[in-house]
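# Report on the structure
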Amino acid sequence: MSALTELSLAEMKAGLAARQFSAVELTQAHLDQMAASRHLNAFIVETPELALAQAKAVDDGTRGGPLAGIPLGIKDLFATEGVQTTAASRILEGFVPRYESGVTANLLRDGAVFLGKLNMDEFAMGSSNETSAFGRVINPWKAKGSDAELVPGGSSGGSAAAVAARLVAGATGTDTGGSIRQPAAFVGIAGIKPTYGRASRWGTIAFASSLDQAGPMARTVTDCAHLLTSMCGFDPRDSTSLDLPVPDFAAGLTGNLKGKRVGIPAEYRLDGMDAEIAALWDAGIAWLKDAGAEIVPVSLPHTKYALPTYYIVAPAEASSNLARYDGVRYGLRVTPPGGNVQDMYAATRAAGFGREVKRRIMIGTYVLSAGFYDAYYTQAQKVRALIARDFEQAFERCDVLLTPTAPSPAFAFGAKADPIAMYLNDVFTVPASLAGLPAMSVPAGLSASGLPLGLQIIGRPLDEMGVLDAGLAIERAAGFTARP
Amino acid sequence: MSVTADTVRKIARLARIAVTDDEVPGLTEQLNGILGWIEQLGEVDTTGVAPMASVMPGQLRWREDVVTDGGIAEKVLANAPDAASGFFAVPKVIE
């Protein structure tokens, strides 16, 4: 049975269709793997009974669809009806939604089987999974000759670890500044953030609404394509949802780059860039050239301002979004003895939010406060416009961009105790988020220490197909078969 | 501009997060570190640039002004820390 967890999602689809194994067998194999991998702390809630019931319905023929019987993990940011949803925060411990998020409802419509809720950085704020209130997730990978535990990246770290360790065929992630792409790179899997507006934000716990976007994480580009088609689609309940048809991405995938122009942004070649990362990037450029693409140097002049822009815009939106956690309607309530309702708000939020979340709420509150709004927030919105314009101008000369996903491989717990050092880890992923562009990470090689490294492809708005095709070309050329 | 301990207390009050006196010095230092770093945005010439609030071009969609939901008070209250007689309950408010 354990061999079933080794299949790709596409192979599972084919095997189920050919009745080589049942959905219950496939689910049980993954549940066994999940039970044997609890040391990774990838799941906050496991739902084996629900999963088996969903799988049985597939075998009985009462559930069907393009993802019928495929075992998935769901990031704990997505509201799941009847199953605790916390965003990995104490403030939502015990919250059991009475509704299903748009994205997970789409996956259920298509027959997927949910194994449980995946751990993450609290409210998706973090790049290492160290901010979860439910304990850190352990990266299934270890450096050569070392037993030290490493971070899985973040914020979708539970999703990344679960996919890499074969606990699930694929997982949902969300990406606000790199939270799908960076953890995918850290565990040697693929992950794509679609164009802002492609996937519904309805029922996904909000962090920074102008940036938040859901997307799939899986072991191959093709598997991501299958999941992406299901997850995307118009949802009238999300005011920024795009009312556009969603292509069948897996069917359209060719990996053919003939006639395509791949842009290489000069500003991403940072001073002091890790030599291994630079070498991998060069290898990626050569691979895409071999696949028929023309390589074009491009410039994104405002790149260095993307991180500080993000760390104004995202906390500002978070301070507003997280105002709803007040101890009244759901989640934790702490009332000091004799306290009034204001004391209750302050005590609840002090006890319920972790340190990084409090820090970001306070930064957001500060930059939006009277007297500072224009200097910080308005200026950040203007620089954001310049960053988006940089991309528009680059895409006049090329079809996709190729960059590294992260400046380093997975690091040790506690290695980035300074908040700014942690923020800098998102240097390559944040610009595409600010511009709302589709972007994906594909595993491309190993560091000298034996840890996975990823390359990032960024595409034009709505050109997920072009991003996936370039991703497939990288995947084929890299021949990444290493595993934890 | 530098954030003082008093500013940190003020921000915490605006954000409705209780902070203890012990927490204030650490928070002051961290917020100064982060704000000092993001202040580099001031050097960008943004003359004539319109602020970007959303990556979505155009206007938000309109819909018919009709009731599309309701009659689910029980579901709405299901996760409340304290609910009574069909309402959310909070400590007494005396102005």
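Residues numbered from 1 in each chain as written. Chains lettered and ligands numbered in written order. Predicted model: local features only at pLDDT ≥ 70, side-chain atom pairs only at ≥ 80, totals over all residues.

We now examine the overall build of chain B. What chain B contains, in helices and strands, is three helices and two strands. When its helices and strands are written in sequence order, chain B yields α-α-α-β-β. C-alpha atoms of chain B, sized along the principal axes, occupy 55 × 45 × 25 Å. Here chain B holds 95 residues, and the buried ones make up 15% of them. (Helix = DSSP H or I, 4+ residues; strand = E, 2+ residues; numbered from the N terminus. Buried ≥ 20, exposed ≤ 12 C-beta atoms within 10 Å, placed from the backbone.)

Time to look at the sheet that holds strand β2 (residues 71-75) of chain A. Residue and element names in this part refer to chain A. Taken in spatial order, the 11 strands make up an open sheet running β1-β3-β2-β4-β6-β5-β10-β11-β9-β7-β8, and their pairing is mixed. Looking along the sheet, the strands with just one partner apiece sit at the ends: β1 (43-46) and β8 (294-298). Between one strand axis and the next, the sheet turns through 30° on average, direction left out of account. As defined by bridge partners, strand β4 (residues 170-175) adjoins strand β6 (residues 213-218) across six bridges and the pair is classed as antiparallel. Looking at β6, one finds that Thr 172 is bridged to Pro 216. In the packing of helix α2 (residues 23-35) onto the sheet, the strands contacted are β1, β2 and β3 (113-118), and the crossing angle to β3 comes to about 20°. (Pairing = 2+ DSSP bridges. Axes fitted to C-alpha atoms, helices over the stretch in contact; angles between N-to-C directions. Contact = placed C-beta atoms within 7 Å.)

Attention now goes to the nonpolar core. Residues and elements named next belong to chain A. Membership of the largest hydrophobic core comes to 169 residues, with the highest contact counts inside it found for Leu 72 and Ala 161. When residues of this core are assigned to their parent elements, the largest contribution, nine residues, is made by helix α10 (residues 306-321). Both domain 1 (2-257 + 402-478) and domain 2 (304-380) contribute no fewer than three residues apiece to this core. (Core = buried A, V, L, I, M, F, W, Y, C linked by C-beta atoms within 7 Å. Domains from an automatic or database assignment.)

Each partner contributes to the interface: chain A provides 52 residues, whereas chain B provides 39 residues. Of all elements in the fold, only α10, α11 (341-352), α12 (355-367), α13 (373-394) and α14 (419-423) of chain A reach the threshold of two or more residues within the side of chain A that touches chain B. Looking at side-chain class alone, the side of chain A that touches chain B contains 28 nonpolar, 16 polar and eight charged residues. (Nonpolar A, V, L, I, M, F, W, Y, C, P; charged D, E, K, R; others polar.)

In this section: unusual backbone geometry. Residues and elements named next belong to chain A. Cis peptide bonds are those with omega within 30 degrees of zero, and the linkage from Gly 154 to Ser 155 qualifies with 5°. Looking at the element boundaries, Ser 155 is found in the loop between β3 and α5 (157-164). We note that Arg 19 has phi near 55°; this positive angle belongs to a residue other than glycine. Inspection of the secondary structure assignment puts Arg 19 in the loop between α1 (9-17) and α2. Of note in the backbone geometry, Phe 123 takes a positive phi value of approximately 55° without being a glycine. With respect to the helices and strands, the residue Phe 123 is situated in the loop between β3 and α5.

Below, the discussion takes up the packing of α12(A) against helix α2 (residues 23-38) of chain B. Each pair of packed helices can be described by the angle between their axes along with the distance between the axes. Closest axis-to-axis distance for the α12(A)/α2(B) pair is 11 Å, and the angle between their directions is 60°. When the interaxial angle is binned, α12(A) and α2(B) end up oblique. The chirality of how α12(A) crosses α2(B) is right-handed. Residues Arg359(A), Met362(A), Ile363(A) and Tyr366(A) of α12(A) lie in contact with α2(B), whose contacting residues are Gln30(B), Leu31(B) and Ile34(B). Of the residues that constitute the contact of α12(A) with α2(B), the class distribution is five nonpolar, one polar and one charged. (Parallel < 35°, antiparallel > 145°, perpendicular 65-115°, else oblique. Left-handed = near helix turned anticlockwise from the far one by under 90°.)

Residue and element names in this part refer to chain A. Tracing the backbone through its elements, the reader meets Lys 13 in helix α1. Residue classification places Lys 13 among the buried residues on the basis of 20 C-beta atoms within 10 Å. Sequence-wise, Lys 13 and Ala 165 are 152 residues apart; in three dimensions their C-alpha atoms are separated by 19 Å.

A word on the pairing of strand β10 (residues 439-446) of chain A. The side chains of a regular strand alternate between the sheet's two faces. Residues and elements named next belong to chain A. Taken across its eight residues, β10 has seven buried, putting it largely inside the fold. Note: strand β5 (residues 190-193) against β10, three bridges, orientation antiparallel. In the sheet register, Ile 192 faces β10, and the bridge partner there is Met 440. With seven bridges joining them, β10 and strand β11 (residues 452-459) adopt antiparallel strand pairing. Across the sheet, residue Ala 439 finds its bridge partner in β11, namely Ile 458.

Right, let's get into the domain arrangement of chain A. Interface size is often expressed as the accessible area that is lost when the parts come together. Residues and elements named next belong to chain A. Annotation of chain A at the domain level lists domain 1 (2-257 + 402-478) and domain 2 (304-380). The C-alpha-based centres of domain 1 and domain 2 are spaced at 27 Å. Domain 1 puts 28 residues into the contact, and the matching count from domain 2 is 22 residues. The leading source of residues in the side of domain 1 that touches domain 2 is helix α15 (residues 430-435), at three residues. Of the residues in the side of domain 1 that touches domain 2, the class split is 17 nonpolar, seven polar and four charged.

Moving on, we come to the packing of helix α9 (residues 275-290) of chain A against helix α16 (residues 464-478) of chain A. Residues and elements named next belong to chain A. Across the interface, α9 lies against α16 with an axial gap of 9 Å and an inter-helix angle of 105°. By the angle class used here, α9 and α16 are roughly perpendicular. Only Ala 470, Ala 473, Ile 474, Ala 477 and Ala 478 of α16 make contact with α9, whose side of the interface consists of Gly 284, Trp 287, Leu 288 and Asp 290. Tallied by class, residues from the contact of α9 with α16 come to seven nonpolar, one polar and one charged.

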